[in-house]
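Structural characterization, general
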Amino acid sequence: MTHPLYPCLWFDGKAKEAADFYCAAFSNSKITHDNPVVVNFELDGCTIMGLNGGPMFKPNPSISLFVMCETDEEINSLWAKLAEGGFIMMPLDKYDWSERYGFFQDKFGVSWQLMKGTYSSVNQKITSCFLFVGGSYGKAEAAVNYYTRVFPASSISGIKLYEESEGAEMAGKVKHSQFILNNTVFMAMDGFGQHEFAFSEGVSLVVNCDTQDEIDYYWNTLTSDGGAESMCGWLKDKFGVSWQIVPSMIGELMSDPEKGQRVMQEVLKMKKLDIARILNA
């Protein structure tokens, strides 16, 4: 079974507060799982994980959440609720690519792009969007091609490059791209200029796997050629993006009142997760 991919947002003890905040902003929303470590919630059918990971990492604009809005009322409402107390990077206004668009970090540090357009252009309400800056600048197209080779049920919907007339430094770099991994839509672009952020564990992507063979495949593939292993199913790929390669039943096992604590202790001992060891905990 091919499971949809979804983002994990790292918080310092505020995952439930953030989940409540986001669910209040989106009309079609709900919290689906809540424990002291992880809060899972759905916004307009899109799954997001909130992790109480401590102060080590914070979300930043290298991976933002792109929301397609079809009416002025919708985009104005989401902007008013989500941007309150946050930091505005591009004000809600008319731009060359949209009659209404804005880019901001909310009060929890999570970055959002809101755009007025048609849902059918994405067929997904909220889309994780990669921004390649700094040492990763110019690698967006290579990353899109790489990810669509790694993941099944994948395709490239389109890649739009900057033209020479838009500046020599940007020419040939990715202005915007849209692609599909595991039947999940993603976006990616290159960001020219000086930026104070880079890909980090602050926002990671979760890959649910039904078998050990799947875990082995994603782990070995994504850590190869410049990637790096971390702990508890976490890794970084060669572009610096963080992924969690986990058994699809991990949430259910950790919530089991009888063996949940033993499962957690076993997970903490591992880098690549071993389903048999977890089941036998």
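Worth saying up front: this structure is predicted, and the values here are computed from it rather than measured. (Residues numbered from 1 in each chain as written. Predicted model: local features only at pLDDT ≥ 70, side-chain atom pairs only at ≥ 80, totals over all residues. Heavy atoms only, no water.)

1. Quick look at the environment of lysine 160
Tracing the sequence through the fold places lysine 160 in strand 10 (residues 155-161). Relative accessible area serves as the criterion here: at 45%, lysine 160 is assigned to the partly exposed category. Separated by 78 residues in the primary sequence, lysine 160 and leucine 82 have C-alpha atoms spaced 29 Å apart. With sequence-adjacent residues up to four places away left out, lysine 160 is seen in contact with Lys173, Val174, Lys175 and His176. (Helix = DSSP H or I, 4+ residues; strand = E, 2+ residues; numbered from the N terminus. Buried < 20%, exposed > 50% of the residue type's maximum accessible area, 1.4 Å probe, protein only. Contact = heavy atoms within 4.5 Å.)

2. Focus on the pairing of strand 1 (residues 6-11)
Within strand 1, six of the six residues are buried, which leaves the element mostly enclosed by the surrounding structure. Of the pairings in the sheet, the one linking strand 1 to strand 13 (residues 203-209) comprises four bridges and is antiparallel in character. Bridging from a neighbouring strand, cysteine 8 pairs with serine 204 of strand 13. Note that strand 1 and strand 4 (residues 46-52) share four bridges and pair parallel. Its bridge partner lying in strand 4, tryptophan 10 is registered against leucine 51. (Pairing = 2+ DSSP bridges.)

3. Some points on the pairing of strand 16 (residues 242-247)
The element strand 16 is largely enclosed, with a buried count of six among its six residues. Residues of strand 16 alternate between two faces, with Ser242, Gln244 and Val246 on one and Trp243, Ile245 and Pro247 on the opposite face, all of them buried. Pairing of strand 13 with strand 16 involves five bridges; the strand directions are parallel. The partner of asparagine 208 across the bridge, within strand 16, is valine 246. Where strand 15 (residues 234-236) and strand 16 come together, three bridges link them in antiparallel fashion. Within strand 16, the position partnered with tryptophan 234 by the bridge is glutamine 244. Count of turn residues in the strand 15/strand 16 antiparallel hairpin: five residues, of which glycine 240 carries a positive phi of about 95°.

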